[in-house]
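Chain by chain, the residues run as shown.
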Amino acid sequence: MGDHHDLGGREHRSDEVPIHTVRVNSFHMSKTETTNQQYCEFLNSAAARNTIIVKEGLVYTTDGKTLLCDTHRSDSACSITWDGDSFAVVKNRENHPVVCIRWHGAAAYCNWLSEQARSGGLGVPLPEGYVARLPAEEEWERAVRGTDGA
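Focus on the overall build of the protein
Next up, step 1: Of the regular secondary structure elements, the protein holds four helices and five strands.
Next up, step 2: Secondary structure elements of the protein, listed N to C terminal, follow the sequence α-α-β-β-β-β-β-α-α.
Next up, step 3: Classification of the 150 residues of the protein by burial places 27% in the buried group.
Next up, step 4: In the protein, 52% of the contacts between residues at least 6 apart in sequence involve partners at least 24 apart.
Next up, step 5: Surface exposure of the protein reaches about 10300 Å², of which carbon and sulfur atoms provide 49%.

Next up, the structure:
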């Protein structure tokens, strides 16, 4: 792990070096990024269960303290819209990777995905005991380097 190509810049030097070897246990990861449509389905499910609120184009947990994500209103880079009743995706952006998601929003999506898997709502077979989660830093580095570990 670490900065193998001196790309971190001076501000990241201390947390990117020394380069070191890490052992990573086996794990599963999606082959593709989460799409706008997939995240929109999560948001609509959360809205129907009253577990989120939208304030000034920002999506929060119902306590109003934990920010999950933006909508197109709060950040034009976001392709998910909110009309006051439901979420939708900007035309022709359904299969693009979702952006403008905060860590808590990604974690909430993983929890929802796990619930869907347990209830059979995903419509695809998954490994026994499947739990969706965000990858650890080591897992992410391993995944982006490919199967040869280089």
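Details of the sheet that holds strand E3 (residues 67-70)
Next up, step 1: An order of E1-E2-E3 is seen for the three strands of this open sheet, with the pairing classed as antiparallel. Every other strand in the sheet has two partners, leaving strand E1 (52-55) and E3 as the edge strands with one partner each. Along the sheet, successive strands turn relative to each other by an average axial angle of 25°, direction set aside.
Next up, step 2: Here three bridges tie strand E2 (residues 58-61) to E3, and the two strands are oriented antiparallel to one another. In the sheet register, Leu 58 faces E3, and the bridge partner there is Asp 70.

So, the nonpolar core
Next up, step 1: Ranked by internal contacts, the top residues of the largest apolar core, which has 21 residues, are Tyr 39, Phe 42, Leu 43, Ile 52, Val 59, Ile 80 and Phe 87.
Next up, step 2: Taken together, the elements giving at least two residues each to this core come down to helix H2 (36-48), E3, strand E5 (87-89) and helix H3 (103-118).
Next up, step 3: Among the elements that make up this core, the one with the highest residue count is H2 (six residues).

Quick notes on the pattern of salt bridges
Next up, step 1: All told, the structure shown has three salt bridges when counted by the stated rule.
Next up, step 2: Arg 102 serves as the salt-bridge partner of Asp 70, at 2.5 Å between the closest nitrogen and oxygen. Separated by 32 residues along the polypeptide, Asp 70 in strand E3 and Arg 102 in the loop between E5 and H3 bring together distant segments of the chain.
Next up, step 3: Here Asp 70 falls in the buried class, since its relative accessible area comes to 7%.
Next up, step 4: A relative accessible area of 31% means that Arg 102 is categorised as partly exposed.
Next up, step 5: The salt bridge partner of Glu 139 is Arg 133, with a shortest N-O separation of 2.7 Å.

Observations regarding the packing of aromatic side chains
Next up, step 1: Summed over all chains, the structure comprises six aromatic pairs.
Next up, step 2: Judged by centre distance (4.5 Å) and plane angle (40°), the ring pair of Trp 82 and Phe 87 falls under tilted.
Next up, step 3: Of the residues examined, Trp 82 reaches a relative accessible area of 30% and is grouped as partly exposed.
Next up, step 4: Counting every residue linked through ring pairs, the aromatic cluster contains Tyr 39, Phe 42, Tyr 109 and Trp 112.
Next up, step 5: Above the face of the Tyr 60 ring, Lys 55 is positioned so that its terminal group lies 4.8 Å from the ring centre.

Section: a nonpolar patch on the surface
Next up, step 1: Judged by side-chain polarity, Met 29, Trp 140 and Val 144 come together as a nonpolar surface patch covering roughly 300 Å² of accessible area.
Next up, step 2: Looking at the element boundaries, Val 144 is found in helix H4 (residues 137-145).

About the cut-offs
Sequence order sets the numbering: in each chain, residues are counted from 1 along the sequence as written. Side-chain atom pairs in this predicted model are given and counted only at pLDDT of 80 or more, local residue features only at pLDDT of at least 70, and totals for whole chains, interfaces and linings cover all residues. Neither water nor hydrogens contribute to the side-chain values; these are computed over all heavy atoms in the structure. Helix and strand assignments follow DSSP, with helices taken as H or I runs no shorter than four residues and strands as E runs no shorter than two, numbered in order from the N terminus. Three labels apply to residues, based on accessible area from a 1.4 Å probe with only protein chains included: buried if under 20% of the type maximum, exposed if over 50%, partly exposed otherwise in between. Any two residues having at least one pair of non-hydrogen atoms within 4.5 Å are treated as being in contact. What sets the accessible areas is the Shrake-Rupley method with a 1.4 Å probe; for residues, cover comes only from the shown protein chains. Two strands form a pair only when DSSP identifies at least two bridges running between them. Simply put, an axis is a line fit to the C-alpha atoms, just over the touching stretch for a helix, and the angle between two N-to-C directions goes from 0 to 180 degrees. Here the nonpolar core consists of buried residues drawn from Ala, Val, Leu, Ile, Met, Phe, Trp, Tyr and Cys, with membership extended through side-chain atoms lying within 4.5 Å. By definition, a salt bridge exists where a carboxyl oxygen of Asp or Glu is found within 4 Å of a side-chain nitrogen of Lys or Arg. Put simply, two rings from Phe, Tyr or Trp (the six-membered ring, in Trp's case) pair if the centres are within 6.5 Å, and we call them stacked under 30 degrees between planes, edge-to-face over 60, tilted for the rest. Over a ring means this: the NZ of a Lys or the CZ of an Arg is within 6 Å of the ring centre and within 35 degrees of the ring normal. Every patch collects residues that have over 30% relative accessible area and no salt bridge, joining them within 9 Å if they carry like charges and within 5 Å if they are nonpolar side chains (Val, Leu, Ile, Met, Phe, Trp, Tyr).

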